Amino acid sequence: MIVADRKPLGELLDMVKDCKKIMVLGCKGCVTVCNVGGVKEVEVLASSIKIARKKDGNPIEVVEKTIERQCDPEYIELVKGEVNAFDAVLSMACGVGPQFLAEAYEDQTFYPAVDTKFFGGAVQHGIWEERCAGCGTCLIHYFGTLCPIARCSKSLIHGPCGGSANSVCEIDSDIECIWDTVVRKKMEQGRLDDLRQVRTPKDWRTARDGGPRKRKREELIS
Amino acid sequence: MSELKSGSNLEKVLKAGHFAFTGECGPPKGANVEHLKEKCSHLKGYVDAVNVTDNQTAVVRMSSMAASAIMVTEGVEPNYQMVCRDRNRLAMMGDVIGAYSLGIRNMLCLSGDHQKFGNHPESKNVFDIDSIQLIAMVKKMRDEGVFLNGEELDVAPKMFIGAASNPFADPFEFRVHRLATKIDAGADFIQTQCIYNMDKFRKFMKMAVDMGLTEKCYILAGVTPMKSVGMGKYMAKRVPGMDVPDEVIKRIADAGKGNYAKEGIKFACEQIEEFKEMEGVAGVHLMAIEWEERVPEISKAAGVLPRPVMD
């Protein structure tokens, strides 16, 4: 899923400082799963904004709503009758949501209420980790089903670098050295030869480096 | 003697079977050409080639290519370092050709310290290719006379290709295999991380010799004389991938105030004596960090003078 963090309240209050009536719009997709932009978080943010503004002697009306997904025009369409009734809309979806909204409702101002972070998953309750860099050509099967592009700080194809110590990355002792894990896994499997190949440089055209990406599935286009 | 790959002094020294001795010089944090020339003058005649670091520890300095080119004009042979952190394959190939055109004949291919450690931690890193792919790319340009995409080069850059090896990083058992992959990729010579843990290095070299790696590549053992107890402690705790045993720090401390540097140099010289005899070690890479003026004294004490003069 896409993992995000909510922006600090101060930053959000600043975005809506001139507004009297706003909508906080959540998304039931990834941001609900990572506890940052679902029904519950919409409620918390709406209350926080109202309390802060009331304290400032400048009350604000905040309407809460959460839709199935903000990355799908079908659901974006469902708020058609409402969005223009507000001075602004704070979207709690990933970076896709406010853009889809803005494309659909050109006259309204949308603000991102979260910072979109990475593609990952929850390794335990409350802890999410990056697993995929979305490079467009998956290579993980060569590396013990572990992704060095997303998980090595230097995206090395031939690791670990000279900074690997005690299975952690040189840049932060809280980051696993994924190459250490790859090597140990291969050693246990007796497949060290898999790591003795000189691999050709990666073709980054399938990643963002090839320009903004678009997928077309003819069979689905009516 | 078969044909030389680059014709660099370092290559000739190693090929002739001499025990090589290389130095290191960090470019200035600015355009202070005079300071660079002054630092480099201390090394002239005392080493076979001088490594020119490339924004080392991710701190911006004069480019390693420019500093290397200045060294060439000063009559000191550079070993031009290039890291994968700051440039993509286009810039790298362009720089390899540029460096060769400026008279540079040795290069050291490195991944590079992460920018987190440097003075612009907010920067974007590149890592389009890694150090092993860089080695293979330079070899391809040199030996096949083509760019990475197969297009022909108009005069190939004949570089003597170096790489680094850190026997002290983890997992230890894998380090020799990574070294082997670098050699497969095309490394002609290797310079190791600074060695303080001699036991571990002996084990590492035995593995390298047993795998036949020292028949395919010249290995230069990395030595950094300890200037002070503080430096030892700093390296032990703060420098990634360094292994400084407590007894080495204790030895320097026991020498007493005022004698730390002397003891550090003495320890380095003892190491060098052992490396001269150690199977598979083809030379020493002396990294006298910001201590270039002491290189003449250290090389004399280490018994590596005079340096061979190659034609």
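Residues numbered from 1 in each chain as written. Chains lettered and ligands numbered in written order. Predicted model: local features only at pLDDT ≥ 70, side-chain atom pairs only at ≥ 80, totals over all residues. Heavy atoms only, no water.

Participant: Mind showing me how you'd approach the packing of helix H6 (residues 172–185) of chain B against helix H7 (residues 198–210) of chain B here?
Facilitator: A pair of packed helices can be characterised by two numbers: the angle between their axes and the separation between those axes. Residues and elements named next belong to chain B. Relative orientation of the contacting elements H6 and H7 amounts to 45°, with a least axis distance of 10 Å. Between H6 and H7, the interaxial angle falls into the category oblique. Viewed along their axes, H6 and H7 form a crossing whose handedness is right-handed. Contact residues: Phe-172, Glu-173, Arg-175, Val-176 and Leu-179 in H6; Lys-200, Lys-203, Phe-204, Met-207 and Ala-208 in H7. A per-class count over the contact of H6 with H7 returns 6 nonpolar, no polar and 4 charged. (Axes fitted to C-alpha atoms, helices over the stretch in contact; angles between N-to-C directions. Helix = DSSP H or I, 4+ residues; strand = E, 2+ residues; numbered from the N terminus. Parallel < 35°, antiparallel > 145°, perpendicular 65-115°, else oblique. Left-handed = near helix turned anticlockwise from the far one by under 90°. Contact = heavy atoms within 4.5 Å. Nonpolar A, V, L, I, M, F, W, Y, C, P; charged D, E, K, R; others polar.)

Participant: In this structure, what is going on with the pairing of strand S7 (residues 218–223) of chain B? I would like to understand it.
Facilitator: On a regular strand, each side chain points to the face opposite its neighbour's, so the side chains alternate between the two faces of the sheet. All names here are of chain B. The element S7 is largely enclosed, with a buried count of 5 among its 6 residues. Here strand S6 (residues 189–194) runs beside S7; their pairing, made up of 4 bridges, is parallel. Looking across to S7, one finds that Cys-194 is bridged to Gly-222. Looking at chain direction, S7 and strand S8 (residues 281–286) are connected through 5 bridges and run parallel. Residue pairing across strands places Leu-220 opposite Gly-283, the latter belonging to S8. (Buried < 20%, exposed > 50% of the residue type's maximum accessible area, 1.4 Å probe, protein only. Pairing = 2+ DSSP bridges.)

Participant: I keep staring at the sheet that holds strand S4 (residues 88–91) of chain A and nothing clicks. Help me out?
Facilitator: Strand pairing in a sheet relies on backbone hydrogen bonds. The paired strands run either parallel or antiparallel. Residues and elements named next belong to chain A. Across the sheet, 4 strands lie side by side as S3-S2-S4-S5; this open sheet has parallel pairing. Edge positions in the sheet fall to strand S3 (61–67) and strand S5 (110–112), since each of these pairs with one other strand and no more. Within this sheet the neighbouring strands show an average axis-to-axis angle of 25°, counted without direction. Across 7 bridges, the pairing between strand S2 (residues 21–27) and S3 is parallel. Counted as the bridge partner of Ile-22 is Val-62 from S3. Contacting S2, S3 and S4, helix H3 (residues 39–55) crosses the sheet at an angle of about 170° to S3. Strand contacts of helix H5 (residues 96–104): S2, S4 and S5, with the helix running at about 170° to S5, the strand carrying the most contacts.

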